[in-house]
Amino acid sequence: MSTTHPDFPGRIGTTVAESTPWWPERREGPKRPNVVVVILDDTGWGDLGCYGSEVRTPTIDALADAGLRYTGFHVTPLCSPTRAALLSGRNHHGIGMRFLADTDTGFPNSRGSIRRDVPLLPEVLRGEGYGTYLVGKWHLAPLHEITPAGPYGNWPLARGFDRYYGFLDGCTDQYEPELFEDNHPAPVPEREGYHLSEDLADRAIGYVRDHLAFRPGDPFYLHLAFGATHAPFQAPREFIEQYLDTFTVGWDETRRARLARQIEAGLVPEGTPLAERNDGVRPWAELDEDERRVYAALQAAFAGFLEHADAQLGRVVDALREFGELDDTIVLVTSDNGASREGGPGGDVDTNAPYSGIRRPAAELVGELDRVGTLTGGSHYPEGWAMAGNTPFRRYKQFVDLGGVRSPLVVAWPNGPGTPGGVRRQFVHAIDIAPTLYELLGIPAPGELDGRSVAATLADADSPAGRRTQYWETLGHRAIWHEGWRAVTAHVPGTDYAEDEWRLYDTAADFAEATDVAAREPERLAELQELWWREARRHDVFPLDDRPLHEVIEARGPIGLYAERRIVLRPGQSHVPFPSAVTGSNRSIDVRARFRVDASTASGVLLSSGNAQGGYVLALQDGVLAFAHSALGETVELRASRALAPGEREAGFRLRSLPDLSGELVLEAGGEQLGSARIPRTGAHLSFWGLDVGLAPVSAFSPLQAVPIDPALLELVAIDVHPAADDAVEYAELILASE
């Protein structure tokens, strides 16, 4: 026996002839089932065809026909917390993800990342011999960590995935996404007609194909997180155009028709009414002709986006079938939260408008409808369509009413238990997914989880829910479910929590939570309110935080590029991602390019932010400094009054952001002003593409971006930031809108 290798049961002698080799034993028994978890983004409970929608989702519908639809599946009303809960089996406050991954508030319940001591589903499955693969959205790393240099501790590979390909923040452009592969940036594939959903399906199929080729005896876990249907809504025009007439009936009739189909399909009890109209949503009949035409087209973009994503999922399912793996694969399809109202009352052809707080009237958008769904027409719909997406429930994403926290859940497992096409009505929450999978796979759960397995519901429609109680809290809004009763309050920021008006619903008799029975059941409501406080103490919900988001961001500490007052960039370095929040024109900055050699006759890009949707660029044209800025199609161009003098080694611009969101621009070289211009509309969200030095690697809004600079000429570009009081306000609005 070896004395130097105590874990080696063979024998090590002086020679091979005197030694006994040993190899670890192969796993015995049948291979465990594969698992595929599919997460859509901002897709409402009533948006899928198999949940009553007129939007065609044949792939998901077929999975539902072969498996089960759950009508009582709940999530949190925001992306990052739901994804954290699903992967951990734990409530999001207790693991550090109270809010979005975007910001660290300085408190343990809201660090913008999942605590490192909390085991995640891919980590556990990898330890049991699974290959683990994530394709698509992550959004569980703080934004300041989304850089080509990391840190990588909260990236997918550090949290249990063997391979990763996708985007790390909350949303991205579908035609020119900021992509990452494993732990490094990845270029946008150069192929005609590129679309992110198609690319993600390609990668998912490729990971599975390689896994089966090289690890045929091991099961796999595939986590497929589409960007669809988070704005911007972008899809090939043929998917959108087929819906242009579908939604001219308006959101009111769409809600009524969806509810009727939900009742007919047995998803919703007979006699269930629609929840009351959401505040601020106008009746369709009161809209003018331009509004109806524009709003119907924006919903068509959403529908086409969803159907296109379903078609890409279909390719993945077809590949599993072709590989002979589908029958022994557990497939779950869900959404991270309810449909989003972040397009505001009127939406826009260009999502960059509502994400910048700009509301353009429908009459201004009619002439832009042919761009809907394209690179420069990544749209968002009005909140009335989000109301329809959440049929038959009240409110939206960001709220703890059912419109924010009730999501579809389809579970299909051909070799598993359950009657195909069945409906399950048990209360289930995102925290129950991980423990359910552990039980189905025969894997011990890692420690004490907040969720409970509902595996028994697959075979038994009458199996009880796994738990008696579940709480919610987001942005001060609070709710609690206990043994079929749910108490809910929508908090008004800045008011005393004791003044919140609570509603009470008997969920067994009132599926849509349409009838408030608080006045009839005051004692029960008081008991539930007290229970909420007990659950909040138990799950690290405190401190409650209803501060305006800009205050939260101001309190997040001096971290990331956004907190730097001088940013130095060099040619040849990696792309500066949009999540850094330093790539817009919303802050007062001084930009100086420093040249290694004489640049008095040089041409090329010095600094480029954004893409064809908008941005800004600083360039040289035969030694003459030139600048262009574009926001929502409004372009300002400025050319210096003279070329750089021989020997001048620094040149740039000075931008001052004004309170009305306009800007004053001055070109400078050698201490001399070489021209000035007014920018009527600056912004943090000019596009979804960040910042590059010396080149513009994607589409352009200006010819100035066409020619890269000779890297031997440019030494560096320095950006000096002069923060204004409203910087954090605009950045906060950007974060909340983009999630």
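Residues numbered from 1 in each chain as written. Predicted model: local features only at pLDDT ≥ 70, side-chain atom pairs only at ≥ 80, totals over all residues. Heavy atoms only, no water.

What about the sheet that holds strand E4 (residues 131–137)?
- Ordered in space as E7-E6-E5-E4-E8-E1-E9-E10-E2-E11, the 10 strands form an open sheet in which the pairing is mixed. Only two strands of the sheet have a single partner each, and these edge strands are strand E7 (184–186) and strand E11 (422–424). The sheet shows a mean angle of 15 degrees between the axes of neighbouring strands, taken without regard to direction.
- Direction of pairing for strand E2 (residues 68–70) relative to E11: parallel, over a ladder of three bridges. By the bridge assignment for E11, Leu68 is matched with Gly422.
- Strands strand E1 (34–40), E2, strand E9 (329–335) and strand E10 (409–412) of the sheet are contacted by helix H1 (residues 58–66), whose axis makes an angle of about 60 degrees with E10.
- The strands that helix H11 (residues 433–441) touches are E1, E9 and E10; relative to E9, the one it contacts most, it runs at about 170 degrees. (Pairing = 2+ DSSP bridges. Helix = DSSP H or I, 4+ residues; strand = E, 2+ residues; numbered from the N terminus. Axes fitted to C-alpha atoms, helices over the stretch in contact; angles between N-to-C directions. Contact = heavy atoms within 4.5 Å.)

Points about helix H2 (residues 79–88)
- Counting buried positions over the 10 residues of H2 gives 10, a clear majority of the element.
- Buried within H2 are the following residues: Cys79, Ser80, Pro81, Thr82, Arg83, Ala84, Ala85, Leu86, Leu87 and Ser88.
- Packed against the buried residues of H2 are E1, helix H3 (121–127), E4, strand E8 (220–225), E9 and H11.
- Phi turns positive one or two residues past the end of H2, at Gly89, with a value near 75 degrees. (Buried < 20%, exposed > 50% of the residue type's maximum accessible area, 1.4 Å probe, protein only.)

Some details on the nonpolar core
- Of all hydrophobic cores here, the largest spans 100 residues; its most connected members are Leu222, Leu224, Trp251 and Leu313.
- If you tally residues by element for this core, the top one is helix H7 (residues 289–322), at 17 residues.
- The next biggest cluster of nonpolar side chains, apart from the first, holds 92 residues, and it includes Tyr164, Val576, Leu607 and Val721. (Core = buried A, V, L, I, M, F, W, Y, C linked by side-chain atoms within 4.5 Å.)

Things to note about the environment of Arg587
- Within the secondary structure layout, Arg587 lies in the loop between strand E17 (566–569) and strand E18 (588–595).
- The spatial distance from the C-alpha of Arg587 to the C-alpha of Leu658 is 8.9 Å, given a sequence separation of 71 residues.

Description of the environment of Leu667
- Relative to the assigned elements, Leu667 resides in strand E24 (residues 663–669).
- Spatially, the C-alpha atoms of Leu667 and Ala518 are 64 Å apart, while their sequence positions differ by 149 residues.
- Excluding its chain neighbours within four sequence positions, the residues that come into contact with Leu667 are Leu618, Leu625, Phe627, Leu638, Arg639, Ala640, Gly652, Phe653, Glu672, Gln673, Leu674 and Gly675.

Some thoughts on the pattern of salt bridges
- Throughout the structure, instances matching the rule amount to 54 salt bridges.
- Between Asp41 and Lys137 there is a salt bridge; the shortest N-O distance is 2.5 Å. With a gap of 96 residues between them, Asp41 in the loop between E1 and H1 and Lys137 in strand E4 connect regions that are remote in the sequence. Residue Asp41 shares its accessibility class with Lys137, and that shared class is buried. (Salt bridge = Lys/Arg side-chain N within 4 Å of Asp/Glu carboxyl O.)

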